[in-house]
Amino acid sequence: MVIILFSSCEEWNIKTYNVPSEFQPYVDKFKTDAKKYGYNFDDKGLIVRFADLDNNIAGLAYYKRNPILIEIDREYWASASNTKNAHDIKENLLFHELGHGFLQRMHDNTVLANGDWKTIMCGDKLPNDRASNINYRGFRKAYYIEELFTRTNDTPAWSTLIPQFDNIDENVILQQDFSSGSDWTIGSNSLYESSIENGAYTFTTKTSQAFYVLNKGTLNTSNDFYIEVRLKASAGLDDSFGLVCGSFNDGNTPTSLHYFYQKGNNHMYIGESECLGPFIDLYTEILHPNEFNTFAIRKYNNMLYYYINDTFIYHNDLDEIINMYGSQIGFKIPGNSTLYVDYAEVRENSTGLKKRNTTELSVEKATEKKVIHWNK
Ligand SMILES: [Zn+2]
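Quick caveat: nothing in here was measured; it's all calculated off a predicted structure.

Caption draft 1: Representation of the pattern of salt bridges. Counting across every chain of the model gives 19 salt bridges. Asp52 is paired through a salt bridge with Arg74; the nearest N and O atoms lie 3.2 Å apart. Of this pair, Asp52 sits in the loop between strand 3 (46-51) and strand 4 (59-62) while Arg74 sits in helix 2 (residues 74-81), and the two are 22 residues apart along the sequence. Close ionic contact of Asp88 with Lys141 constitutes a salt bridge, the shortest N to O distance being 2.6 Å. Of this pair, Asp88 sits in helix 3 (residues 86-101) while Lys141 sits in helix 4 (residues 141-150), and the two are 53 residues apart along the sequence. Take Asp88 and Lys141: they sit in the same class, and that class is buried. By sharing partners, the salt bridges in this structure join Lys29, Asp33, Lys36, Asp88, Glu91 and Lys141 into a single network.

Caption draft 2: Spotlight on the sheet that holds strand 19 (residues 328-333). The strand order across the open sheet formed by seven strands is 15-14-13-12-19-10-21, and the pairing between neighbours is antiparallel. Only two strands of the sheet have a single neighbouring strand rather than two, namely strand 15 (280-283) and strand 21 (360-365). Averaged over all adjacent pairs, the angle separating strand axes in this sheet is 15°, with direction ignored. With eight bridges connecting them, strand 12 (residues 240-247) and strand 13 (residues 256-263) associate as antiparallel partners. Its bridge partner being in strand 13, Ser247 is matched across the sheet by Ser256.

Caption draft 3: The arrangement of helix 2 in detail. Inspection of helix 2 places Tyr76, Trp77 and Ala80 among the buried residues, and these make up the whole buried set. Buried residues in helix 2, looked at end-on, bunch into an arc of 100°, giving them a common side. For helix 2, the N-terminal capping position is held by Asp73, with its side-chain oxygen 3.3 Å away from the main-chain nitrogen of Glu75.

Caption draft 4: Here's a closer look at the packing of aromatic side chains. Using the criterion set out here, one finds 31 aromatic pairs in the structure. Ring geometry for Tyr39 and Phe41: centres 5.5 Å apart, planes at 15°, overall stacked. Looking at Tyr39, the relative accessible area reads 31%, which means it is partly exposed. Phe41 sits in the buried class, given a relative accessible area of 5%. For the ring pair Tyr192 and Phe203, a centre distance of 5.0 Å and an interplane angle of 20° mean the geometry is stacked. Of this pair, Tyr192 sits in strand 8 (residues 192-197) while Phe203 sits in strand 9 (residues 200-205); the two residues are 11 residues apart in sequence, bridging distant segments of the chain. Take Tyr192: its relative accessible area is 13%, and that puts it in the buried class. Taking the relative accessible area as the measure of exposure, Phe203 reaches 0% and is therefore buried. The ring of Trp158 has Arg140 sitting right over it, with the charged end atom 5.0 Å from the ring centre. The side chain of Arg298 reaches across the aromatic face of Phe165, ending 4.8 Å from its centre.

Caption draft 5: Representation of the domain arrangement of the protein. Domain annotation for the protein reports domain 1 (2-160) and domain 2 (171-365). Look at where the C-alpha atoms of domain 1 and domain 2 centre, and you get two points 34 Å apart. Of the residues lining the interface, 23 residues belong to domain 1; the matching set on domain 2 comes to 24 residues. Between domain 1 and domain 2 lies a buried interface of about 1900 Å² when both sides are counted; carbon and sulfur atoms form 49% of it. Here domain 1 is connected to domain 2 by two salt bridges. Notably, a salt bridge pairs Glu272 with Lys84, separated by 2.9 Å at the nearest N-O pair. Joining domain 1 to domain 2, the criterion identifies 17 residue pairs in polar contact (both at pLDDT 80 or more). In terms of residue count, the dominant contributor to the side of domain 1 that touches domain 2 is helix 2 (three residues). Residues that form the side of domain 1 that touches domain 2 fall into these classes: eight nonpolar, nine polar and six charged.

Caption draft 6: Summary view of empty space enclosed by the protein. Taken as a whole, this structure holds three cavities of 30 Å³ or more when the rule is applied. Put simply, the largest cavity is a space of about 280 Å³. Forming the walls of the largest cavity are 21 residues, and the residues nearest its centre are Tyr76, Ile89, Asn133, Ile134 and Leu276. Per element, the largest residue contribution to the lining of the largest cavity is four residues, and it comes from helix 3. By residue class, the composition of the lining of the largest cavity is 11 nonpolar, six polar and four charged. Looking at which domains feed residues into the lining of the largest cavity, each of domain 1 (2-160) and domain 2 (171-365) supplies at least three.

Cut-offs applied
- Residues numbered from 1 in each chain as written.
- Predicted model: local features only at pLDDT ≥ 70, side-chain atom pairs only at ≥ 80, totals over all residues.
- Heavy atoms only, no water.
- Salt bridge = Lys/Arg side-chain N within 4 Å of Asp/Glu carboxyl O.
- Helix = DSSP H or I, 4+ residues; strand = E, 2+ residues; numbered from the N terminus.
- Buried < 20%, exposed > 50% of the residue type's maximum accessible area, 1.4 Å probe, protein only.
- Pairing = 2+ DSSP bridges.
- Axes fitted to C-alpha atoms, helices over the stretch in contact; angles between N-to-C directions.
- Arc of directions from axis to C-beta.
- Polar contact = N/O pair within 3.5 Å; in protein donor to acceptor, adjacent residues only side chain to side chain.
- Phe/Tyr/Trp six-rings, centres within 6.5 Å; stacked < 30°, edge-to-face > 60°.
- Lys NZ or Arg CZ within 6 Å of the ring centre and 35° of its normal.
- Domains from an automatic or database assignment.
- Contact = heavy atoms within 4.5 Å.
- Buried area = accessible area lost by both parts, 1.4 Å probe.
- Nonpolar A, V, L, I, M, F, W, Y, C, P; charged D, E, K, R; others polar.
- 1 Å grid on protein atoms, 1.4 Å probe; cavity = no way out; pocket = protein on both sides within 12 Å on 5 of 7 lines; lining within 4 Å.
- Points joined across faces, edges and corners; volume = space filled by probe spheres on them.

What follows is the structure, given as structure tokens:
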């Protein structure tokens, strides 16, 4: 979010520099990166401070002020601090506000071919009611920093990638059409009920509580794999549902569930449960509203590839912070709704393996960070 202030009354000296220690590493990084592109902001004044900002505003830049003033929302900062990707989230926010302040950049809501925002300077009213989340990490990050300082219109190669997986050696380790059994929990209590009806697995939540329904032990996510499910849900337009995989409250390993969720009729969320909101909120017209859609995730060579109805829509890298471990695969069902799963198939790159027999089934309260559309 950018605010233009035409005040002639200056309370501060133009050289005033007041940056609390929480923000200093990101300001330093910005100045260092800026030098690579021919800027030098070492002698510029700057004030950064915490504020309680309304309307889900994460940060504000008063960029016509001398020195520049940046306000960071206390609640947003605290939310970000509790997440696995705190560093990138905070750097993204500071770089956006410093982009307004030092680089005089305005908002730009151009979208790349793969649905990513062209720039971390996206903001204000976003097209198709998308969230402003930037997948500011991994192989994308260097591009976003270069774009910030150069406004390059070069098309990054990853934004036009169409991956081909023709010669994958993998074994089917789960194949379930729910005609006679289920690899996920069947049962009922005061919070949910699940059963097989008309050849589909159905899971109904009876309260506002969202659940994960999980199969543990079938898939070893440290191997490469492919998961494909066909599902639909009777869910509110603001709720999200879909596929999860990784680790949940395992005792041995901390929770890290990668997710691929439909939200409303045209949005897909891609993310990880311990990060702040999804990495990206994609808008797509490939989804059939209120009908079954096929969701698939492929892990290959430390990358995740996401598909809707057999069409590739996005990819992400795994790294030392956001990695993949655990053996859980399953679904997320929002509160007061029913999920229907027509079939599920899981294949794994594991020589000779047909099926593991150590499977445990469980139903767990969904715990991922609440999704808020933050403005900046
Ligand atoms: Zn902004």
